[in-house]
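Letter by letter, the chains look like this.
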Amino acid sequence: EFQVPLRPSRNNLGCFCVSTKNGCVVASVDPNGFLKKKRKENLLGAVITAVAPFPSKKLEVDSADYLANYFNKMKMIDGRMHIWFKVCHDTKINQRNCRNDWSDTGSWKGKDIKEGWAGGAMVATT
């Protein structure tokens, strides 16, 4: 398990998250986004386990909706947050190339936006 610090008012997370029986799972990673710049390993299928304003005060994440709500609260107050990942690779997540899910400017353009959360990114419409 590892944590990534983030300031939502300055960066989106750079991944698309879905809710599964295992919790909040990374289903797509922006190849040019914040998360990919912070962590070079394959994070598809990784589970987001916790968030917190400070590393010592973890709050359990049980869904993509919970993560989205927390992210948006921190963005509104220009707060910082920490996000914990567990790289266990949920087997229900397709291990694929995510490049077509993201625009060159970091907007989500994948087809299943109703199934999850685009990590604070703008959503491209067709």
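Each chain has its residues counted from 1, running along the sequence as written. Confidence filtering applies because this is a predicted model: local features only for residues at pLDDT of at least 70, side-chain atom pairs given and counted only at 80 or more, and all residues used for totals across whole chains, interfaces and linings. To get the side-chain values, all heavy atoms of the structure are used, and hydrogens and water are removed first.

Observations concerning the pattern of salt bridges
For side chains of opposite charge, pairing can occur when their charged atoms come near one another. Under the convention used in this document: When a carboxyl oxygen of Asp or Glu is within 4 Å of a side-chain nitrogen of Lys or Arg, the pair counts as a salt bridge. Helix and strand definitions follow DSSP, with helices as H or I runs of at least four residues and strands as E runs of at least two, each counted in order from the N terminus. Accessibility here uses a 1.4 Å probe with only protein chains present; expressed as a share of the type maximum, an area under 20% marks a residue as buried, one over 50% as exposed, and anything in between as partly exposed.
Overall, the coordinates contain 3 salt bridges when judged by the stated rule. Among the ionic pairs, Glu1 bridges to Lys58, the shortest N-O distance being 3.1 Å. Residue Glu1 is found in the segment before strand 1 (2–6), and its partner Lys58 is found in the loop between strand 4 (47–52) and strand 5 (59–60); the two are separated by 57 residues along the sequence. By relative accessible area, Glu1 is classed as exposed at 60%. The partner of Asp78 in a salt bridge is Arg7, and the shortest N-O contact between them spans 3.2 Å. Placement of the pair is Asp78 in the loop between helix 2 (64–76) and strand 6 (81–86) and Arg7 in the loop between strand 1 and strand 2 (15–20), with a sequence separation of 71 residues. Assessed through its relative accessible area of 17%, Arg7 is described here as buried.

Some points on the environment of Ala46
Among the structural elements, Ala46 can be located in the loop between helix 1 (34–38) and strand 4. Given the relative accessible area of 0%, Ala46 is considered buried. Taking C-alpha positions, Ala46 is 5.5 Å from Val26, a pair spaced 20 residues apart along the chain.

Some thoughts on the nonpolar core
The following threshold applies: Nine residue types can take part in a nonpolar core, namely buried Ala, Val, Leu, Ile, Met, Phe, Trp, Tyr and Cys, and a core is a set of them joined through side-chain atoms within 4.5 Å. Contact criterion: two residues are considered in contact whenever any of their non-hydrogen atoms come within 4.5 Å of each other.
By size, the foremost hydrophobic cluster in this structure holds 37 residues, and its most contacted members are Leu13, Ile48, Leu67, Met81, Ile83 and Phe85. If you list the elements that add at least two residues to this core, you get strand 1, strand 2, strand 3 (23–29), helix 1, strand 4, helix 2 and strand 6. Broken down by element, this core gets its largest block of residues, 6 residues, from helix 2. If near-sequence neighbours (up to four positions away) are discounted, Met81 is found in contact with Val4, Pro5, Leu6, Pro8, Val51, Ala52, Pro53, Leu67, Tyr70, Phe71 and Met74.

Concerning the state of the cysteines
Each disulfide consists of one covalent bond between the sulfur atoms belonging to two cysteines. What counts here: Any two cysteine sulfur atoms lying within 2.5 Å of each other are counted as a disulfide.
Tallied over the entire structure, the rule returns 0 disulfides. Cysteine Cys17 remains unbridged, with the sulfur of Cys15 as its closest cysteine sulfur at 3.7 Å. Of the residues examined, Cys17 reaches a relative accessible area of 0% and is grouped as buried. Of all cysteine sulfurs, the one in Cys17 lies closest to Cys24, which takes part in no disulfide; the gap is 4.2 Å.

Quick look at unusual backbone geometry
The backbone of Asp78 sits at a positive phi, close to 55°, despite the residue not being glycine. Classification of Asp78 as partly exposed rests on a relative accessible area of 36%.

Thoughts on the pairing of strand 1
To be explicit about the condition: By this definition, two strands are paired if DSSP reports at least two bridges between them.
By the alternation rule, side chains of strand 1 split into Phe2, Val4 and Leu6, which are all buried, and Gln3 and Pro5, of which none is buried. One ladder, built from 5 bridges, connects strand 1 with strand 6; its direction is antiparallel. Residue Pro5 lies in a different strand from strand 6, and its bridge partner there is His82.

Some points on the layout of surface pockets
Just so we agree on the cut-off: In the cavity and pocket records, a cavity denotes points on a 1 Å grid over the protein atoms alone where a 1.4 Å probe fits but cannot get out, a pocket denotes an open set with protein on both sides within 12 Å along at least 5 of 7 lines, and lining residues are residues with an atom within 4 Å of a point. Grid points are joined across faces, edges and corners, and a volume is the space filled by probe spheres set on the points. Nonpolar residues are Ala, Val, Leu, Ile, Met, Phe, Trp, Tyr, Cys and Pro. Charged residues are Asp, Glu, Lys and Arg, and all others, Gly as well, are polar.
Volume-wise, the largest pocket comes out at about 200 Å³. Surrounding the largest pocket, 18 residues form its lining, Asn11, Asn12, Thr105, Gly106 and Ala121 being those nearest its centre. Within the lining of the largest pocket, the residues separate by chemical class into 5 nonpolar, 9 polar and 4 charged.

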